[in-house]
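Understanding the architecture of this molecule
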Amino acid sequence: MAPALNMLALLSAVREWLMLLVLVEVLNGLKTLTMFLYEIIYDFFFITAHFYPQDYMSYEMSRDVRVLAPMRASLRYITVPDEEAETNSAKVDDIMTSIRLEPSRSAPYSFWHKRRWMHVSRDDINARKSRKYGRKHESITLTILSWDRKALDRLLIQAKKAYTDIVRQLVYIYVSRPSRRARNWSWRFKALGRRRPLTSVILDDGVKESLISDVKEFLSSRQWYLNRGIPFRRGYLLYGPPGCGKTSFIYALSGELQLPIYILSLSSPKLDDEGLRHLLSSVPGRCLVLIQDIDVALSRTMNCNADTQDKLAEASPTQNVSISLNRVTLSGVLNALDGITSAEGRLLFATTNRYSALDPALCRPGRMDVHVEFRLASKSQAYEMFRLFFLSEQAPTSLKRNSAQSLISYKSSSYSESSLFSTGFARSISSDLDSLASQFTNSIPEQQFSPASLQLYLIRHKEQPYEAAANAPAWVKTAP
Ligand SMILES: Nc1ncnc2c1ncn2[C@@H]1O[C@H](COP(=O)(O)OP(=O)(O)OP(=O)(O)O)[C@@H](O)[C@H]1O
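Figured I'd write up the structure that's included with this text. (Residues numbered from 1 in each chain as written. Predicted model: local features only at pLDDT ≥ 70, side-chain atom pairs only at ≥ 80, totals over all residues. Heavy atoms only, no water.)

Observations concerning the overall build of the protein
Where we set the bar: Elements are defined by DSSP. Helices are runs of H or I of four residues or more, strands are runs of E of two residues or more, and each kind is numbered from the N terminus. Exposure is judged per residue with a 1.4 Å probe applied to protein chains only, and the accessible area is read against the type maximum: over 50% gives exposed, under 20% gives buried, and values in between give partly exposed. Whether two residues are in contact is decided by their heavy atoms, any of which lying within 4.5 Å being enough. Using the Shrake-Rupley algorithm and a 1.4 Å probe, accessible areas are obtained, with residue cover drawn only from the displayed protein chains.
From N to C terminus, the protein includes 21 helices and 13 strands. Residues counted as buried form 43% of the 480 residues belonging to the protein. Within the protein, residue pairs in contact and separated by at least 24 positions form 72% of the contacts whose partners lie at least 6 positions apart. Accessible area for the protein stands at about 26,700 Å²; split by element, carbon and sulfur atoms hold 57% of it.

A few points about helix α19 (residues 451-460)
This is how the line gets drawn: Here the arc refers to the set of directions running from the helix axis out to each C-beta atom.
Along α19, the positions that sit buried rather than exposed are Pro-451, Leu-454, Tyr-457 and Leu-458. Looking straight down α19, one finds that the buried residues subtend no more than 120° of arc, so they occupy a single side.

A short note on the sheet that holds strand β4 (residues 109-113)
Rule in force here: For two strands to be treated as a pair, DSSP must find at least two bridges joining them. The axes used here are C-alpha line fits, helices contributing only the stretch in contact, and every angle between their N-to-C directions lies in the interval 0 to 180 degrees.
Within the open sheet, the four strands sit side by side as β1-β6-β5-β4. Their pairing is antiparallel. Across the chains shown, the open sheet's two edge strands, defined by having one partner strand only, are β1 (46-51) and β4. On average, each strand axis in the sheet is tilted by 20° relative to the strand beside it, whichever way the strands run. As defined by bridge partners, β1 adjoins strand β6 (residues 138-145) across six bridges and the pair is classed as antiparallel. By the bridge assignment for β6, Ala-49 is matched with Leu-142.

Overview of helix α10 (residues 246-257)
Spelled out, the test is: One less than the number of residues in a helix, times 1.5 Å, gives the span that helix is expected to have.
Along its twelve residues, α10 runs 17 Å from first to last C-alpha, staying within 8% of the 16 Å computed at 1.5 Å per residue. Buried within α10 are the following residues: Lys-246, Phe-249, Ile-250, Ala-252, Leu-253, Ser-254, Gly-255 and Leu-257. On its buried face, α10 sits against β7 (170-178), α8 (207-219), β9 (233-239), β10 (261-263), β11 (287-291) and β12 (346-352). Within two residues after α10, Gln-258 carries a phi angle of roughly 55°, on the positive side.

Regarding the nonpolar core
Our working definition: As used in this record, nonpolar core signifies buried Ala, Val, Leu, Ile, Met, Phe, Trp, Tyr and Cys residues forming a set joined through side-chain atoms within 4.5 Å.
Core analysis: the largest hydrophobic core is formed by 31 residues, its most contacted members being Leu-264, Leu-266, Leu-276, Val-289, Ile-294 and Leu-362. Listed by contribution, the elements that provide at least two residues to this core are β7, β8 (185-194), α11 (273-281), β11, α14 (330-338), β12 and α15 (360-363). If one sorts the elements of this core by residue count, α14 sits on top with five residues. Apart from residues no more than four positions distant in its own chain, Leu-264 is found in contact with Ser-176, Trp-187, Leu-276, Leu-279, Leu-280, Val-289, Leu-290, Ile-291 and Gln-292.

Side note on the site of the ligand
Formally: Proximity is defined per residue: if any heavy atom of the residue lies within 4 Å of a molecule or strand, that residue is considered near it. Within 3.5 Å is the distance limit for a polar contact, defined as a pair of N or O atoms, with the added protein rule that one can donate a hydrogen and the other accept it, and that residues adjacent in sequence qualify only through two side-chain atoms. Gly falls in the polar group here, along with every residue not listed as nonpolar (Ala, Val, Leu, Ile, Met, Phe, Trp, Tyr, Cys, Pro) or charged (Asp, Glu, Lys, Arg). Note that domain bounds follow an automatic or database assignment of domains.
Not every one of the 17 residues close to the ligand is listed here, only the nearest: Ile-202, Lys-246, Thr-247, Ser-248 and Gln-455. Within the side chain of Arg-196, one N or O atom sits 3.0 Å away from an oxygen atom of the ligand. A distance of 2.7 Å separates a nitrogen atom of the ligand from a polar atom in the backbone of Ile-202. When the ligand is considered free in solution it has 630 Å² of accessible area, and contact with the protein chains removes 80% of it. Elements represented by at least two residues in the shell around the ligand include exactly α10 and α19. Looking at the shell around the ligand residue by residue, the classes come out as seven nonpolar, eight polar and two charged. A domain split of the shell around the ligand shows at least three residues from each of domain 2 (171-373) and domain 3 (379-478).

In structure tokens form, the structure reads like this:
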């Protein structure tokens with residue numbers, strides 16, 4: 001009797017287990033079905049866009065709360081990136097226009113745009129993907145409650161316009177710096193620079209235009225490079241005496257192309273070949289890397305090997321500032337420039353005052369593809385500088401080089417120079433501008449002064465165009 005009872009109990013337990021198993025399977029099936037239905041409904045009702053760091057502009061745009069959700073007053077969780085907090089502007093208004101707000105990592109935000117619900121979140125991307133997509137380990141996801149794809153197009157068009165308006169006036173500047181972990185270097189946001197118009201950099205005829213068209217041509221040829229297996233990057237070597245506009249041109253170009261500038265200081269203390277390689281491989285695609293005075297940095301490091309530097313540092317621990325402690329070698333620079341992990345679309349600009357001192361290996365095509373000489377000011381540069389200097393912003397925009405004579409002259413013997421600026425100075429000077437510029441140019445010898453020294457002279461006479469032209473011969477005789 002007892003074995004029969006045990007058997008019955010066993011059967012009932014097995015039956016209960018089986019029922020439980022079936023229940024679990026049914027629940028799992030329901031869950032899968034729910035997920036399946038959810039995905040169908042989600043795909044039908046929601047449009048999702050992902051933004052990855054490799055697509056620099058659209059990623060930066062999507063991270064900027066001011067751009068995607070201008071009515072940010074309703075947002076509750078916002079991050080102010082470290083870099084923006086560093087913005088050192090005296091005017092509150094300036095800070096407000098330059099401070100970027102980002103969605104918080106912990107809390108996504110939602111907003112309404114044209115009666116549609118939108119949701120933005122910052123998501124981590126896994127290490128494998130992050131290697132593919134760039135230096136930041138995250139992406140931005142925008143979800144729109146709508147089955148009309150045009151809703152996304154409309155938002156992106158509006159956001160792109162807002163973003164362009166914000167960045168049009170600004171240049172993002174990054175600098176290399178050692179990170180806390182030894183032997184590791186990274187890029188740090190330094191400042192939002194005001195964009196310098198390219199027209200304010202005056203070079204010899206054709207130099208600026210050919211450089212700009214070369215850069216633009218390069219940036220639009222990605223596929224051409226890829227098809228031929230050529231690394232998609234280009235190096236420019238700008239050389240010439242100090243104060244001839246090399247750096248100014250590079251800054252103006254970055255503003256024109258709306259590309260961030262990454263300033264690489266080869267003479268940074270303790271920068272070594274590995275750090276340099278890491279830095280050059282971690283810039284984003286489409287950016288401008290600037291190495292100033294490349295000859296100085298390299299000659300200093302090569303004259304002083306790592307051991308000597310260590311000894312010097314130990315001997316004078318308090319004089320770190322004056323002693324170069326970097327260990328970058330020429331071969332390290334060459335390897336870093338050639339690095340296969342270097343960002344695509346990278347524009348490298350190096351400047352030097354001593355072209356002949358550079359190693360030919362550094363200057364060869366593939367590393368420095370385009371060499372451009374920036375010379376001391378020619379007469380035509382002096383002429384254009386004078387005109388630009390005294391061509392007030394209030395002057396009619398139609399005022400071109402040879403049209404000044406046709407404008408009505410407001411000059412009369414009764415006005416004083418100082419009153420010109422407050423009482424229609426622009427129109428007053430415009431009629432004489434060309435003749436004053438010619439007078440000035442006649443006194444300036446060809447290629448004897450740098451544009452920087454001409455600029456200094458003109459600044460001294462910034463409200464006295466007539467005196468600036470008249471005093472130029474005397475200045476030329478005494479100028480250093
Ligand atoms: N070609 C130019 N057109 C207009 N301004 C110029 C030009 N060259 C120099 N300047 C002015 O001179 C100053 C110094 O110029 P910049 O720093 O660009 O010269 P550089 O050639 O880079 O000098 P360095 O070799 O010493 O770095 C700037 O304020 C700039 O406005």
